[in-house]
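Structural characterization, general
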Amino acid sequence: MKKLLALLLFIGSLNLQAQVNQSEVNDFISDYAKKNNISESEVKDILDAAEFQQDIIDKISKPAEGTMTWERYRKIFITEERAQAGVEFWKEHKETVAKVAQETGVNEEIIMGIIGVETYFGRIKGNYKVLDALYTLGFGYPKRGKFFRSELAKYLELTSKEKLDPKEIKGSYAGAMGYSQFMPSSYLAYAKSFDEGGTADLINDPTDAIASVANYLKVHRWKKGEPVAATATFSRKVTNLNKQSLKPKNKLSDYTALGIQPGIEASGNTPATLIILDMEEGKEHWYGFDNFYVITRYNHSPMYAMAVFQLAEKMKGMMN
């Protein structure tokens, strides 16, 4: 019996290893060591600590969002509890949020909305080791392996730069981390320290996360003082409406000429796109403006951007 159990465990370990392309692992170690002028043994030591996790492959292959209607998605993120937690978080960091918003031009409530949707204001940062996630996806998910190997390289660069332990940081199943859920490349590119001259700690420091979220949106061309979204009401039936681009390619007047009225006052020259969201029964229509598109640079889902916007508006109303 013991021999059979040992054999089964051995076969199981072989199956586990078969999920990872070992030649790609070896190539990565060699390339990274050469490019960064460190020993291969140092890189190998880190990757040897990584564990392949099949459930990461399962989750990224069939993301829950892909089968959700906007109605179901909204119920997850736009809740009284989450909004109240956001108001408390906002009040706790009120001076930081106000200063960052003033410096970047990004609305205070939108900064809060993103942190609220991403991590419930730091309560849900992810339970996977980032190293495991990037290792699993980089070497065991050929469909997007190149991208995740690149992120793994950025992760090693980041942890070295910020003096973080690469074997211990936890995040999402895709390798995003911290209050703001930045991927390693975004962390390196957009992370900012709230205190000038300090290091950017998005894992533990909410003030750095606030500054970094705003910086991300600013760099992606947030337009100060301009609208994000508005309801779209049809005054007459419109047929043969093609799927609209997330990036506004038309003017608001192009849509109002079809009888689609915005729920806010805005110039007819305002760039706009029509956002069509699936409900359990029927559809919900919104106008998305340039700033709505900027939010989708954080996550390319229109439902994500709408959740950020609506949570932001809800919290803003509760703050007044």
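About the cut-offs
- Residues numbered from 1 in each chain as written.
- Predicted model: local features only at pLDDT ≥ 70, side-chain atom pairs only at ≥ 80, totals over all residues.
- Heavy atoms only, no water.
- Helix = DSSP H or I, 4+ residues; strand = E, 2+ residues; numbered from the N terminus.
- Buried < 20%, exposed > 50% of the residue type's maximum accessible area, 1.4 Å probe, protein only.
- Contact = heavy atoms within 4.5 Å.
- Salt bridge = Lys/Arg side-chain N within 4 Å of Asp/Glu carboxyl O.
- pLDDT = per-residue confidence, 0-100.
- Expected span 1.5 Å × (residues − 1).
- Core = buried A, V, L, I, M, F, W, Y, C linked by side-chain atoms within 4.5 Å.
- 1 Å grid on protein atoms, 1.4 Å probe; cavity = no way out; pocket = protein on both sides within 12 Å on 5 of 7 lines; lining within 4 Å.
- Points joined across faces, edges and corners; volume = space filled by probe spheres on them.
- Nonpolar A, V, L, I, M, F, W, Y, C, P; charged D, E, K, R; others polar.

Another point: the overall build of the chain. In terms of regular secondary structure, the chain is built from 15 helices and 7 strands. With the C-alpha coordinates aligned to their principal axes, the bounding extent of the chain is approximately 75 × 50 × 35 Å. The buried share among the 320 residues of the chain stands at 47%. Intrachain contacts of the chain at a sequence separation of at least 6 include 70% that bridge at least 24 residues.

Taken as a whole and judged by the stated rule, the model has 7 salt bridges. Between Lys314 and Glu80 there is a salt bridge, with its nearest N and O atoms 2.7 Å apart. Of this pair, Lys314 sits in helix H15 (residues 302-319) while Glu80 sits in helix H6 (residues 80-92), and the two are 234 residues apart along the sequence. Classification of Glu80 as partly exposed rests on a relative accessible area of 49%. In this structure, the salt-bridge partner of Asp290 is Lys223, at a minimum N-O distance of 2.8 Å. Taken as a pair, Asp290 in helix H14 (residues 290-296) and Lys223 in the loop between helix H12 (206-219) and strand E3 (229-234) lie far apart in primary sequence, 67 residues in all. The class for Lys223 is partly exposed, based on a relative accessible area of 34%.

Before going further, it helps to spend a moment on unusual backbone geometry. Of note in the backbone geometry, Phe121 takes a positive phi value of approximately 60° without being a glycine. Relative to the elements of secondary structure, Phe121 occurs in the loop between helix H8 (108-119) and strand E1 (128-129). Look at Arg221: it is not a glycine, yet its phi comes out positive at around 75°. Following the sequence through the fold, Arg221 ends up in the loop between H12 and E3.

Right, let's talk about the confidence of the model for the chain for a bit. Mean pLDDT for the chain: 92, with 94% of residues reaching 70 or above. Counting interchain partners and residues more than four positions distant, the pLDDT-below-50 stretch residues 5-18 has 2 contacts.

Looking now at helix H10 (residues 145-161). Taking 1.5 Å of rise per residue, 17 residues should cover 24 Å, and H10 covers 24 Å from first to last C-alpha, within 8% of that figure. Residues of H10 that are buried include every one of Gly145, Phe148, Glu151, Leu152, Ala153, Tyr155, Leu156, Leu158 and Thr159, and no others. The elements touched by buried residues of H10 are helix H2 (22-36), helix H3 (40-47), helix H4 (54-61), helix H9 (130-140) and helix H11 (184-190). Remark: Lys163 follows H10 within two positions and exhibits a positive phi of approximately 60°.

Helical geometry: 3.6 residues make up each α-helical turn, so side chains three or four residues apart lie on a common side. A rise of 1.5 Å per residue sets the reference length of H6, with its 13 residues, at 18 Å; its end C-alpha atoms lie 18 Å apart and thus fit the reference within 8%. The set of residues buried in H6 consists of Arg82, Ala83, Ala85, Gly86, Val87, Phe89 and Trp90. Among the structural elements, helix H5 (70-77), helix H7 (94-104), H8, H12 and H15 are those in contact with the buried residues of H6.

Now for the nonpolar core. By size, the foremost hydrophobic cluster in this structure holds 90 residues, and its most contacted members are Phe28, Ile111, Met112, Tyr155 and Leu217. Sorting elements by how many residues they give to this core places H15 first, with 10 residues. Residue contacts for Tyr155: discarding those within four places in its chain leaves Val130, Leu131, Leu134, Asp165, Pro166, Ile169, Met177 and Pro184. Formed by 9 residues, the second largest nonpolar core is a distinct cluster that contains Ala230, Tyr255, Ile260 and Ala272.

Under the defined criterion, the tally for this structure stands at 1 cavity of 30 Å³ or more. Put simply, the largest cavity is a space of about 30 Å³. Lining the largest cavity are Glu226, Pro227, Thr270, Pro271, Phe289 and Asp290. Taken together, the residues of the lining of the largest cavity sort by class into 3 nonpolar, 1 polar and 2 charged.

Taken as a whole, the largest pocket holds about 1600 Å³ of empty space. Residue lining of the largest pocket: 42 residues in total, with Glu65, Glu118, Ser172, Tyr173 and Asn299 positioned closest to the centre. Sorting the residues of the lining of the largest pocket by element identifies H4, H5, H8, H10 and H11 as the ones contributing at least two each. In the lining of the largest pocket, the residues fall into 21 nonpolar, 12 polar and 9 charged.

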